Amino acid sequence: MGSHPSLRTTPTPRTPMNPMLQILMIRSPPLIFPCSTPAILINAPKSSKTSTKPARSGLVNHGVPETLMKAVLAGCNKFFNLPMEEKLEFATKDIWKPIRFGTGVDIKVEKFFFWRDFVKVIAHPEFHCPSKPQGFSEVVQEYCKRSREVTMELLKAISESLGFEENYIEKAMNLKSGWQIFAANLYPPCPQPELAMGIPAHTDHGLLTLLIENGIGGLQIQHNGKWFHVNPLPNSFLVNTADHLEILSNGRYKSIMHRAVVNSKSTRISIATANGPSLDTMVCPALELVDNESRPAAYISMKYKDYMDLQLEGKPGLEHVRLPVA
Ligand SMILES: O=C(O)CCC(=O)C(=O)O
Ligand SMILES: [Fe+2]
């Protein structure tokens, strides 16, 4: 882990954390997707003013072996423990490079330091991975395959929740060549966590992101303008709905705004597998969900690859494609 800059800035006031939690909570089986809610399945918040621990949440009974989830977290830990010069070989700002390493050193936005190292690889339609540490590539590949299968199952249920046949999203988004990114994040203990941020508030680009972590906690999601801490169930996936599900569903599913905070005691590792359309898919709201009178299209159409390129412009992707409300 490289040394991080000393923290000298004044912290920007943050919204006080609210113990009430509203988070994607999916029980499986059976999968339940209420059409009336904009996100997958919401665990209704327990309104308790005294409780400081949010309810535990996450997708369970997903079929991915616990041993594989532990092995991929352990593999990422070994990768981050490689000598810095071996990781810097993959340092690049080019989002199209198949393997990318980055570190929070010297990056400063909105007075927060990003206390994070990451490695991102393109996992589908073609799989890439660093060859070190030994065995890392094999375990990451198996994990990506299994988490992609879970994603496909979820997208079937989401298709049905929107009133479509189960393969609707798979076909419309050309998921046979779907773009999958494996992103591992390392958040070392931070001496002054209140002055730093692990990863700033953002939404993910694809359709669904599956997230696991090593039991430390740090993910927060935004709901009604407030930040809520997420407390994952052991061996569960946290499932984030992302921008292209919002676009395709014409806003019925909302892309979840989230961020990761850091702590002063323990190293946190999280792994996000982001699953999106194929790069050449032109995405627009599903025609069946658009009615020019009552539910006009809320987003313009854009090729997924062009949307990904918008990352370089700094402004959230959805702001480029959202149409003004008439
Ligand atoms: O570390 C986390 O909990 C969040 C990571 C994340 O949002 C991402 O990698 O896109
Ligand atoms: Fe994310």
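Note that the structure is a prediction, hence the values are computed from the model and not measured.

Engineer: So what exactly am I meant to see when it comes to the UniProt feature "domain: Fe2OG dioxygenase" (unreviewed entry) in the protein chain here?
Structural biologist: UniProt records the feature "domain: Fe2OG dioxygenase" (unreviewed entry) for residues 177-277 in the present numbering. When the span residues 177-277 is considered, its composition is 6% helix and 48% strand, and the gap between its end C-alpha atoms is 8 Å.

Engineer: Whenever I open this one, the confidence of the model for the protein chain confuses me. Can you help?
Structural biologist: Note: predicted coordinates in regions of low pLDDT should not be interpreted at a detailed level. Residue-level pLDDT values for the protein chain average 84, and 81% of them are 70 or greater. This stretch, residues 1-51, has a pLDDT under 50; its non-local contacts, to residues over four places away or in other chains, come to 99 contacts. Ignoring residues within four places in sequence, the model shows residues 106-110, a span with pLDDT below 50, making 5 contacts including any to other chains. The ipTM value of the predicted complex is 0.99, and its pTM value is 0.85.

Engineer: Please explain the site of ligand 1 as it appears in this structure.
Structural biologist: Around ligand 1, the neighbouring residues are Ala183, Asn185, Ile199, Asp204, Leu211, Glu213, Gly218, Leu219, His258, Ala260, Ser270 and Ala272. Every element with two or more residues in the shell around ligand 1 is listed here: strand 8 (179-187), strand 11 (208-213), strand 16 (258-260) and strand 17 (268-276). Taken together, the residues of the shell around ligand 1 sort by class into 6 nonpolar, 4 polar and 2 charged.

Engineer: Can you help me understand the sheet that holds strand 12 (residues 219-223) in this one?
Structural biologist: Hydrogen bonds between backbone atoms are what pair the strands of a sheet, whose relative direction is either parallel or antiparallel. Here 4 strands make up an open sheet; going across it, the order is 10-16-12-13 and the pairing antiparallel. The two strands at the open ends of the sheet, each matched to only one other strand, are strand 10 (199-202) and strand 13 (226-229). Strand-to-strand twist of the sheet, defined as the mean angle between neighbouring strand axes without regard to direction, takes the value 25 degrees. Bridging between strand 10 and strand 16 involves 2 bridges; their strand directions are antiparallel. Counted as the bridge partner of His202 is His258 from strand 16.

Engineer: What am I meant to see in the environment of Leu68 here?
Structural biologist: Mapped onto the secondary structure, Leu68 falls in helix 1 (residues 66-80). On the basis of neighbour counts, which here come to 15 C-beta atoms within 10 Å, the residue Leu68 falls in the partly exposed class. Along the primary structure Leu68 and Glu85 are separated by 17 residues, whereas in three dimensions their C-alpha atoms are 28 Å apart. Those residues in contact with Leu68 that lie beyond four places of it in its chain are Glu142, Tyr143 and Arg146.

Engineer: Help me understand the nonpolar core in this model?
Structural biologist: Considering soluble globular proteins, one finds that nonpolar side chains tend to be buried as a cluster. Membership of the largest hydrophobic core comes to 72 residues, with the highest contact counts inside it found for Trp115, Leu208, Leu211 and Phe237. Among the elements that make up this core, the one with the highest residue count is helix 3 (residues 136-161) (8 residues).

Engineer: Honestly, the pairing of strand 12 in this entry has me stumped. Any pointers?
Structural biologist: The two faces of a sheet get side chains in turn, since along a regular strand they alternate between them. For strand 12 and strand 16, the ladder comprises 3 bridges, and the chain directions are antiparallel. Residue Leu219 lies in a different strand from strand 16, and its bridge partner there is Ala260. Pairing geometry for strand 12 and strand 13, over 4 bridges, is antiparallel. Bridge pairing links Gln220 to His229 in strand 13.

Engineer: Before we go on, may I ask you to explain unusual backbone geometry in this structure?
Structural biologist: Generally, phi is negative for residues other than glycine and the peptide bonds are trans, each holding for most cases. That bond from His124 to Pro125 is cis: its omega, 10 degrees, falls within 30 degrees of zero. Tracing the chain through its elements places Pro125 in the loop between strand 7 (117-124) and helix 3. Geometrically, the link from Lys132 to Pro133 is a cis peptide bond, its omega value of -5 degrees lying close to zero. By secondary structure assignment, the location of Pro133 is in the loop between strand 7 and helix 3. Phi at Asn61 is positive, roughly 55 degrees, even though this residue is not glycine. With respect to the helices and strands, Asn61 occurs in the loop between strand 3 (56-57) and helix 1.

Engineer: Any chance you could explain the packing of helix 1 against helix 3 here in plain terms?
Structural biologist: Packed helix pairs are characterised by how far apart their axes lie and by the angle those axes make with each other. Contact geometry for helix 1 and helix 3: axes closest at 9 Å, N-to-C directions at 135 degrees. Comparing the axis directions of helix 1 and helix 3 gives the class oblique. The way helix 1 lies across helix 3 gives a crossing that is left-handed. Between helix 1, through Leu68, Ala71, Val72, Gly75, Lys78 and Phe79, and helix 3, the contact on the second element is made entirely by Phe136, Val139, Val140, Glu142, Tyr143 and Arg146.

Engineer: What am I meant to see in helix 3 here?
Structural biologist: Two residues of an α-helix separated by three or four positions point the same way, owing to the 3.6 residues in each turn. Across its 26 residues, helix 3 extends 37 Å between first and last C-alpha, which sits within 8% of the 38 Å expected from 1.5 Å per residue. Buried within helix 3 we find Phe136, Val140, Tyr143, Cys144, Ser147, Val150, Thr151, Leu154, Leu155, Ile158, Ser159 and Ser161. With its phi angle positive at about 95 degrees, Gly163 sits one or two positions after the end of helix 3.

Rules behind the numbers
Residues numbered from 1 in each chain as written. Chains lettered and ligands numbered in written order. Predicted model: local features only at pLDDT ≥ 70, side-chain atom pairs only at ≥ 80, totals over all residues. UniProt positions renumbered as here; feature names shortened; annotations may be inferred. Helix = DSSP H or I, 4+ residues; strand = E, 2+ residues; numbered from the N terminus. pLDDT = per-residue confidence, 0-100. Contact = placed C-beta atoms within 7 Å. Near = placed C-beta within 6 Å. Nonpolar A, V, L, I, M, F, W, Y, C, P; charged D, E, K, R; others polar. Pairing = 2+ DSSP bridges. Axes fitted to C-alpha atoms, helices over the stretch in contact; angles between N-to-C directions. Buried ≥ 20, exposed ≤ 12 C-beta atoms within 10 Å, placed from the backbone. Core = buried A, V, L, I, M, F, W, Y, C linked by C-beta atoms within 7 Å. Parallel < 35°, antiparallel > 145°, perpendicular 65-115°, else oblique. Left-handed = near helix turned anticlockwise from the far one by under 90°. Expected span 1.5 Å × (residues − 1).

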